[in-house]
Amino acid sequence: MIKQIRLTAYAATTLLAGTQLIACSAPQLGASKGQFQDCPSAPHCVSSTEKDSDKYIAPIAVNSAQDWQRLQQLLLTMPRTEVAARDTNYLHAVSSTAIMRYKDDVELLYSPTQNKVDVRSSSRIGYYDFEVNRERVETLRALFTADKND
C-alpha cells in the first residue's frame, strides 16, 4: 500500500513538473492593438513596443509595402530561421540557435500608416540569452539598411 502511494505521488510530481516546463517554454506571441505581448521578466527578450528600457529596441523604418516584403525575406534568409505564421502585416518566425538548437521567436508587425515595422525577439527557454535576440534584430536592421543603400 505504501509503495503504491509513493508511486502515485512520484507520478503526480513528475506530471506536474513536466507541465510546468512545458508552460515555461510556451511562447507568448501575437499582437493586439499594434502591440506585442509584454516581454517576460527574464532578460531574454527585446521588443520595440516594450516600455522597460532594458528590453526596448527601436522599430525598423520602412517606406513602402515593398520594403516590408524585403524585410521579411531578409529575416528568412538568416541561418536556421523558418516561418511559423504569416499574415498581411504580421510575421512570426522561429530561429534555432547554432549549437543547442534552442528555439527563439521573432515577430515583425508592419504599420503602413506609420512607416515602421515593430520587432520582438525572445528566447523560449532559459534566463539569459547573452544578447542573442538584440543582436539578431540589429543584424536584420543592418542587412535591411545595407540592402536599401545598394
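Each remark here, short or long, concerns the structure printed above.
Definitions and cut-offs
Residues numbered from 1 in each chain as written. Predicted model: local features only at pLDDT ≥ 70, side-chain atom pairs only at ≥ 80, totals over all residues. Heavy atoms only, no water. Patch = residues over 30% accessible without salt bridge, like charges linked within 9 Å, V, L, I, M, F, W, Y side chains within 5 Å. Areas by Shrake-Rupley, 256 points an atom, 1.4 Å probe, with all protein chains shown as cover. Salt bridge = Lys/Arg side-chain N within 4 Å of Asp/Glu carboxyl O. Helix = DSSP H or I, 4+ residues; strand = E, 2+ residues; numbered from the N terminus. Buried < 20%, exposed > 50% of the residue type's maximum accessible area, 1.4 Å probe, protein only. Pairing = 2+ DSSP bridges.

A. Region of the structure containing a nonpolar patch on the surface. On the surface, Ile99, Met100, Tyr102 and Ile125 cluster together into a nonpolar patch covering about 450 Å² of accessible area. Considering the arrangement of structural elements, one finds Tyr102 in the loop between strand E6 (90–96) and strand E7 (103–111).

B. Main features of the pattern of salt bridges. Applying the stated criterion across every chain yields a total of seven salt bridges. Linking Asp118 and Lys116 is a salt bridge whose minimum nitrogen-to-oxygen distance equals 3.4 Å. Look at Asp118 and you get buried, because its relative accessible area is 2%. Two residues, Arg134 and Glu131, come together in a salt bridge whose shortest N-O distance is 3.3 Å. For Arg134, a relative accessible area of 22% translates into the label partly exposed.

C. The pairing of E7, seen in detail. Burial analysis of E7 places eight of its nine residues in the buried class, the great majority of the element. In this sheet, E7 lies alongside E6 in antiparallel orientation, the contact comprising seven bridges. Note on E7: the bridge partner recorded for Val94 is Asp105. Remark: six residues form the turn of the hairpin made by E6 and E7, two consecutive strands paired antiparallel; Arg101 in that turn has positive phi of roughly 60°. Strand direction decides the pairing type here: E7 and strand E8 (residues 116–123), joined by eight bridges, are antiparallel. When the sheet's bridge partners are listed, Ser111 is paired in E8 with Lys116.

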